[in-house]
Amino acid sequence: MAPHRHFEPISKCTVEDRSNHTVASDLDGTLLKSTSTFPYFLLVSLEAGSLIRAFILLLSVPFVILFDFFVSKSVAIQTLIFISFAGLKIRDVELVVRSVLPKFYAEDVNGETWEVFNSFGKRCVVTANPRVMVEHFCKNYFGADKVIGTELEITKSGRATGFVKKSGVLVGECKKMALVKEFGPNVPDLGLGDRESDHDFMSICKEAYLVPKTQTDPLPRNKLLSPIIFHEGRLVQRPTPLIAFITFLWIPIGFILSLLRVYLNIPLPEKIVRYNYKILGIKLVVKGTPPPPPRQGRGGVLFVCNHRTILDPVVTAVALGRKISCVTYSISKFSELISPIKAVALSREREKDAANIKRLLEEGDLVICPEGTTCREPFLLRFSALFAELSDRIVPVAINVKQSVFYGTTARGYKVLDPYFVFMNPRPTYEITFLNQLPPEFTIKGGKPAIEVANYIQRVVGGTLGFECTSLTRKDKYLMMAGTDGRVRPEKETGCEEKK
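The model shown is predicted, which means the values in this text are computed figures rather than measured ones.

Trainee: Looking at this structure, I do not really get the overall build of the protein chain. What am I missing?
Mentor: The helix and strand inventory of the protein chain stands at 18 helices and 17 strands. Relative to the compact-globule value of 23 Å for 500 residues, the protein chain shows a C-alpha radius of gyration of 26 Å, a close match. Its C-alpha atoms put the protein chain at 85 × 50 × 45 Å along the principal axes. Evaluated residue by residue, the protein chain yields a buried proportion of 56% over its 500 residues. Within the structure as shown, the protein chain displays about 22500 Å² of accessible surface, and the carbon and sulfur contribution to it stands at 57%. Side chains of the protein chain give 65 positive and 51 negative charges; the mean places of these two sets differ by 5 Å.

Next up, the structure:
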């Protein structure tokens, strides 16, 4: 280790005229506020591995702490790597890195360090974390030109062995040697770190500053180079050891509670279900004035909703206090059997789908989610225009959902479990806002093109919720989250909606 040096705090660093300079920065505790890497290893072990692997990792925390204090930081990190990665397909890890981790990294960015890092023309992140785990976020959201991290051993079949390459875990002297190998004699102009083990690589930089361990507010996510619109994973909160421990304790309780919330309400009329929601701890907030039930022979109203969870049509029916139908992209026999409302699968054949929707509207009210898939963040995906061609009695519905422990949506996992995950939250909250029915002049009957009607409803719903409208589609989401185009083979349908 290099001789102890005194480094000025990062607040002393100037950011003017840095566009031609190079910066090398540590990640945990420097660009990120938290010094702990455990939450990100747990997310990989859970989402790319299994619940059992994640639980074993949680049990290892006392040993990892002992290794860190009494053996070495390198051994502690190697333990986390082995438990989290051993036997996993690197492709599965990469999907998790791209779809799950960015949301949690983005919520933990140190604003002061980011301001300095972002002012440099060439940026390098050097970290003890596995490179495969951090490279996507650092390059796409920090704008890093180079990410130097611990390299994992990978078998010919594309699986991680759980061990690292001969270069070792990048801590202390190893981190310094990795930087020298990358830059040679042209060392970075600035080095940023937060702990003594960073002093080795910081000492070879032309100037260096230390990030103090002080409480600061995280950088607002909209300040990063790219917005986070899509993300995957079941956990809502960053799984620190304490949060992870509480979550594991809650899982059996939450599962039993979700079964009660799902199955007790199936045989009950919607008006009674609303009161049952209160007893079972489900908060339903209804705003606006919905239209009255359809009269005999007149046909129903088309409720056009944004899509937050698979339960949107069901909760809309409860808010209305009457039976309605819905259309989805796929539905299994089991889901159709237990669904409290009539659910019909779309075939993706335009004429056939149009005929089904018209038939359902003749029978009564119908709910449709024209985004075609769910979005967790405050964004609206592009609204498909098909619905606008089939009815002039359109009521926009703005839906928002609050989940505190688990997300009830997935692109990669088992979609049949989505409603159970929604109701596994201690107090799931649904906010349903019924907007005014579209005036005739804003429908196709009034001379408006279908696309213009769809875009208008998207803007109205987005304005009500304070969400940003985008032109992104279901296909964009699935390409990023699951590496597919989101299409479903009918014989493999196992969910109440689209499945991987």
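Trainee: Just to check I follow, could you spell out unusual backbone geometry for this structure?
Mentor: Its identity as a non-glycine residue notwithstanding, Asp-17 has a phi of 55°, on the positive side. Its location among the elements puts Asp-17 in the loop between β1 (8-9) and β2 (22-25).

Trainee: How should the packing of aromatic side chains be read in this particular structure?
Mentor: What describes a pair of aromatic rings is the distance from one ring centre to the other and the angle between the planes of the rings. One pass over the full model with this rule turns up 14 aromatic pairs. Between Phe-137 and Tyr-141 the ring centres are 5.0 Å apart and the planes differ by 20°, which places this aromatic pair in the stacked class. Placement of the pair is Phe-137 and Tyr-141 together in helix α8 (residues 131-141), with a separation of four residues, close to one helical turn. The pair Phe-137 / Tyr-141 is uniform in exposure class, with both members buried. Put simply, the rings of Tyr-40, Tyr-105, Trp-114, Phe-117, Phe-137, Tyr-141 and Phe-142 touch in pairs and so form one group of aromatic residues. Positioned over the ring face of Phe-104 is Lys-103, at 4.4 Å from the centre of the ring. One cation-aromatic arrangement involves Arg-474 over Tyr-478; the distance from NZ or CZ to the ring centre is 5.1 Å.

Trainee: What's the story with the packing of helix α1 (residues 38-49) against helix α2 (residues 51-59) in this structure? I'm lost.
Mentor: Describing two packed helices takes the angle between their axes plus the distance from one axis to the other. Contact geometry of α1 with α2 gives a least axis separation of 7 Å together with a crossing angle of 155°. Here α1 lies roughly antiparallel to α2, going by the angle between them. Crossing handedness for the pair α1 and α2: right-handed. Residue-level contacts link Phe-38, Phe-41, Leu-42, Ser-45, Leu-46 and Gly-49 of α1 to Leu-51, Arg-53, Ala-54, Leu-57 and Leu-58 of α2. Taken together, the residues of the contact of α1 with α2 sort by class into eight nonpolar, two polar and one charged.

Trainee: Looking at this model, I keep getting lost on α8. Mind explaining?
Mentor: Helical periodicity: at 3.6 residues per turn, an α-helix aligns residues three or four positions apart in one direction. When we look at burial in α8, the residues that qualify are Val-132, Met-133, Val-134, Glu-135, Phe-137, Cys-138 and Tyr-141. In the segment just after α8, Gly-143 is the residue with positive phi, at about 70°.

Trainee: What should I look at first to understand the environment of Thr-328 in this one?
Mentor: Mapped onto the fold, Thr-328 is located in strand β11 (residues 325-328). Note on Thr-328: relative accessible area 10%, which makes it buried. Expressed as a C-alpha distance, the spacing of Thr-328 and Ile-272, which sit 56 residues apart in the sequence, is 25 Å.

Trainee: What exactly am I supposed to notice about the pairing of strand β4 (residues 146-150) here?
Mentor: Walk down a regular strand and you will see the side chains alternate between the two sheet faces. Here β4 lies mainly inside the structure; four of its five residues are buried. The β-α-β motif built from strand β3 (residues 122-130), the intervening α8 and the parallel element β4 has right-handed crossover chirality.

Trainee: Just checking my understanding: could you explain the pattern of salt bridges for this structure?
Mentor: Opposite charge on two side chains makes pairing possible when the charged atoms of those side chains draw close. A complete count under the given rule lists 24 salt bridges for this structure. With a shortest N-O distance of 3.0 Å, Lys-175 and Asp-198 are connected by a salt bridge. Taken together, the positions of Lys-175 in helix α9 (residues 173-183) and Asp-198 in the loop between β7 (190-193) and α10 (199-202) put the pair 23 residues apart, joining distant regions of the chain. In terms of burial, Lys-175 and Asp-198 fall into one category: buried. With its nearest N and O atoms 3.1 Å apart, the salt bridge here joins Glu-270 to Lys-323. One end of the pair, Glu-270, is in helix α12 (residues 270-279); the other, Lys-323, is in the loop between α13 (312-320) and β11, and 53 residues separate them in sequence. According to the relative accessible area criterion, Glu-270 is buried, its value standing at 7%. Linked through salt bridges whose partners overlap, the residues forming this network are Lys-103, Glu-107, Arg-221 and Glu-377.

Trainee: Please clarify how the sheet that holds strand β10 (residues 302-305) should be interpreted in this entry.
Mentor: In spatial order, the strands read β9-β16-β15-β10-β13-β11-β12; together these seven strands make up an open sheet with mixed pairing. Since the sheet does not close on itself, it has two edges, and those belong to β9 (283-287) and β12 (342-345), each with one partner. Averaged over all adjacent pairs, the angle separating strand axes in this sheet is 25°, with direction ignored. Bridge count between β10 and strand β15 (residues 394-402): four bridges; the pairing is parallel. Along β15, the bridge assignment pairs Leu-302 with Ile-394. Together, β10, β15 and β16 (429-434) form the strand contacts of helix α17 (residues 450-465), whose direction differs from that of β15 by roughly 40°.

Trainee: Would you mind showing me how to read the nonpolar core here?
Mentor: If you look at soluble globular proteins, the nonpolar side chains tend to sit buried side by side. One finds Phe-85, Met-133 and Phe-142 to be the most contacted residues of the largest nonpolar core, which totals 70 residues. Broken down by element, the residue count for this core peaks at eight residues, all from α1. Residues contacting Met-133, with those up to four places away along its chain left out, are Tyr-40, Phe-41, Val-44, Phe-85, Val-97, Leu-101 and Tyr-105. Formed by 33 residues, the second largest nonpolar core is a distinct cluster that contains Val-301, Leu-311, Val-314 and Val-318.

Trainee: Would you explain the environment of Asp-26 in this entry?
Mentor: Along the chain, Asp-26 turns up in the loop between β2 and α1. Of the residues examined, Asp-26 reaches a relative accessible area of 4% and is grouped as buried. Non-local contacts of Asp-26, meaning those with residues more than four positions away in its chain, are made with Leu-31, Val-126, Thr-127, Lys-175, Leu-192, Gly-193, Asp-194, Arg-195, Asp-198 and Phe-201. At a separation of 3.0 Å, a polar atom in the side chain of Asp-26 contacts the side chain of Lys-175.

About the thresholds
Residue numbers run consecutively from 1 along every chain, following the written order of its sequence. Two thresholds apply to this predicted model, a pLDDT of at least 70 for residue-level local features and 80 or more for giving and counting side-chain atom pairs, whereas whole-chain, interface and lining totals are computed over all residues. Side-chain figures throughout are based on the complete set of non-hydrogen atoms in the structure, without hydrogens or water. Every helix listed is a DSSP run of H or I at least four residues long, and every strand listed is a run of E at least two residues long, numbered separately from the N terminus. Two things to know: the radius of gyration comes from C-alpha atoms, and the globule rule equals 2.2 Å times the number of residues to the power 0.38. Accessibility here uses a 1.4 Å probe with only protein chains present; expressed as a share of the type maximum, an area under 20% marks a residue as buried, one over 50% as exposed, and anything in between as partly exposed. Methods summary: accessible areas were calculated by the Shrake-Rupley approach with a probe of 1.4 Å, and residue burial reflects only the protein chains presented. Here Asp and Glu are counted as negative and Lys and Arg as positive; His is not counted, and neither are the chain ends. Working definition for charges: the position is that of NZ of Lys, CZ of Arg, CG of Asp or CD of Glu. Each Phe, Tyr or Trp ring (for Trp, its six-membered ring) is paired with any other whose centre lies within 6.5 Å, and the angle between the two planes then decides the class: stacked below 30 degrees, edge-to-face above 60, tilted in between. Remark: a charge is flagged as sitting over a ring if the NZ atom of Lys or the CZ atom of Arg is within 6 Å of the ring centre and within 35 degrees of the ring normal. The axes used here are C-alpha line fits, helices contributing only the stretch in contact, and every angle between their N-to-C directions lies in the interval 0 to 180 degrees. Note that the term roughly parallel is reserved for angles under 35 degrees, roughly antiparallel for angles over 145, roughly perpendicular for angles of 65 to 115, and oblique for everything else. Two helices crossing with the near one rotated counterclockwise from the far one by less than a right angle form a left-handed crossing, whereas a clockwise rotation gives a right-handed crossing. Contact definition: two residues touch when any of their heavy atoms are within 4.5 Å. For this classification, the nonpolar set comprises Ala, Val, Leu, Ile, Met, Phe, Trp, Tyr, Cys and Pro, the charged set comprises Asp, Glu, Lys and Arg, and every other residue, Gly included, is treated as polar. We call a crossover right-handed when, viewed with the strands running away from us, the connection from the first strand over the helix to the second turns clockwise. Basic side-chain nitrogens of Lys or Arg form a salt bridge, by our definition, when they fall within 4 Å of a carboxyl oxygen of Asp or Glu. The pairing criterion for strands is at least two bridges between them, as found by DSSP. Throughout this description, the term nonpolar core refers to a set of buried Ala, Val, Leu, Ile, Met, Phe, Trp, Tyr and Cys residues connected via side-chain atoms within 4.5 Å. Pairs of N or O atoms within 3.5 Å make up the polar contacts considered here, provided that, within protein, one atom can donate a hydrogen while the other can accept it, and that residues adjacent in sequence are counted only when both atoms are side-chain atoms.

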